[in-house]
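# Summary of the model geometry
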Amino acid sequence: AQSVSQHNHHVILSEAASLELGCNYSYGGTVNLFWYVQYPGQHLQLLLKYFSGDPLVKGIKGFEAEFIKSKFSFNLRKPSVQWSDTAEYFCAVRWTGGFKTIFGAGTRLFVKA
Amino acid sequence: GAGVSQSPSNKVTEKGKDVELRCDPISGHTALYWYRQRLGQGLEFLIYFQGNSAPDKSGLPSDRFSAERTGESVSTLTIQRTQQEDSAVYLCASSSGTLSYEQYFGPGTRLTVT
């Protein structure tokens, strides 16, 4: 069955620390990949997406993600986090040919000021 | 412009009652999704609409759940004979239906079944 795994459920970092959040999906095929973010009290919003081309994707607020097809992974990174990055982050995958987008369980990031 | 709106924002109901949750997508968005998010868990896909047809209903957890959509506009998710395990946040999202497939989410309806 199609599934998406996020390795960390809770992450606590100090400001200026580097961030990497893991995301793996269950099997191959052509995929569209997304990271969504939900800031406290706000709606889910798109952070970045990958459809094709350069596997290193840059998103808003200094985030980037790298698609590694051989590892079925799409990890999210940021070189230096800020207090305002405190949020919940969701990885999502859509296998082309279908309509369903499968979301991971989410990672709660807390950045200490 | 206006985003996706959902109503009510909170709903408390007694076990066994029926509830209707409403979603107003962004104007012009042809695709509409419903998700369920239980406490501490990820988003669980329920149903997808393209226009007013639902080509993918595979996520509906039981026959107590149904959804409909009027044209390319409002959608309602109905849960009949609610159970305590139905307690969750129900999220609606819409997208333009183009290849971008970016989904724009509403604020959700928090359903509590007592």
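Report on the accompanying structure. If you're wondering where the values come from, they're calculated on a predicted model, not measured in any experiment.

In this section: the interface of chain A and chain B. One widely used convention gives an interface's size as the accessible area the parts lose upon coming together. Facing 16 residues of chain A, the contacting portion of chain B comprises 21 residues. Both sides together, the interface formed by chain A and chain B hides about 1600 Å², and carbon and sulfur atoms give 60% of it. Between the two partners, chain A and chain B, sit zero salt bridges. On the surface where chain A and chain B come into contact, there are four residue pairs in polar contact (both at pLDDT 80 or more). Residue assignment for the side of chain A that touches chain B shows that the elements contributing at least two residues are strand 5 (31–38), strand 6 (44–50), strand 10 (87–95) and strand 11 (101–103) of chain A. Here the residues of the side of chain A that touches chain B sort into nine nonpolar, four polar and three charged.

A few words on the nonpolar core. Of all hydrophobic cores here, the largest spans 30 residues; its most connected members are Y25, L33, W35, L48, F74, L76 and Y89 of chain A. At five residues, the largest contribution of residues to this core is made by strand 10 of chain A. Leaving out residues up to four positions away in the same chain, L48 of chain A has contacts with L33, F34, W35, V57, K58, G59, F63, E64, A65, F74 and L76 of chain A. With 19 residues, the next largest nonpolar core counts V19, L21, L46 and V113 of chain B among its residues.

Conventions used here
Residues numbered from 1 in each chain as written. Chains lettered and ligands numbered in written order. Predicted model: local features only at pLDDT ≥ 70, side-chain atom pairs only at ≥ 80, totals over all residues. Heavy atoms only, no water. Contact = heavy atoms within 4.5 Å. Buried area = accessible area lost by both parts, 1.4 Å probe. Salt bridge = Lys/Arg side-chain N within 4 Å of Asp/Glu carboxyl O. Polar contact = N/O pair within 3.5 Å; in protein donor to acceptor, adjacent residues only side chain to side chain. Helix = DSSP H or I, 4+ residues; strand = E, 2+ residues; numbered from the N terminus. Nonpolar A, V, L, I, M, F, W, Y, C, P; charged D, E, K, R; others polar. Core = buried A, V, L, I, M, F, W, Y, C linked by side-chain atoms within 4.5 Å. Buried < 20%, exposed > 50% of the residue type's maximum accessible area, 1.4 Å probe, protein only.

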